[in-house]
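Given next are the chains, with one letter for each unit.
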Amino acid sequence: MNYHLTRLARRWRVQGRTALVAKAYVLGVLAADRWPPVPAAPGDGGARTPGP
């Protein structure tokens, strides 16, 4: 897991996991209106419908 986080941090030019999560929200990778965080669906602004 650390390998993947390090690669993302380098790609997005951030230091630390907190900055990585913040950048993910800013870029729309994570849905800001959900807890726990879920991947944002393309084109819907992060809105998700509850699953079965």
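Note: the structure precedes this text.
The following paragraphs examine the structure supplied in this document. (Residues numbered from 1 in each chain as written. Predicted model: local features only at pLDDT ≥ 70, side-chain atom pairs only at ≥ 80, totals over all residues. Heavy atoms only, no water.)

For the rest of this paragraph, the subject is the environment of Thr 6. Checked against the element boundaries, Thr 6 lands in helix 1 (residues 2-12). Counting along the chain gives 11 residues from Thr 6 to Arg 17, while the straight-line C-alpha distance between them is 8.9 Å. Within the local environment of Thr 6, its side chain forms a polar contact with the backbone oxygen of Asn 2, the two atoms lying 2.8 Å apart. (Helix = DSSP H or I, 4+ residues; strand = E, 2+ residues; numbered from the N terminus. Polar contact = N/O pair within 3.5 Å; in protein donor to acceptor, adjacent residues only side chain to side chain.)

Turning our attention to the nonpolar core. By size, the foremost hydrophobic cluster in this structure holds five residues: Ala 9, Trp 12, Val 14, Leu 20 and Ala 24. Of all the secondary-structure elements, those providing two or more residues to this core are helix 1 and helix 2 (17-27). Not counting residues within four places of it along the chain, the set of residues in contact with Val 14 comprises Ala 9, Ala 19, Leu 20 and Lys 23. (Core = buried A, V, L, I, M, F, W, Y, C linked by side-chain atoms within 4.5 Å. Buried < 20%, exposed > 50% of the residue type's maximum accessible area, 1.4 Å probe, protein only. Contact = heavy atoms within 4.5 Å.)

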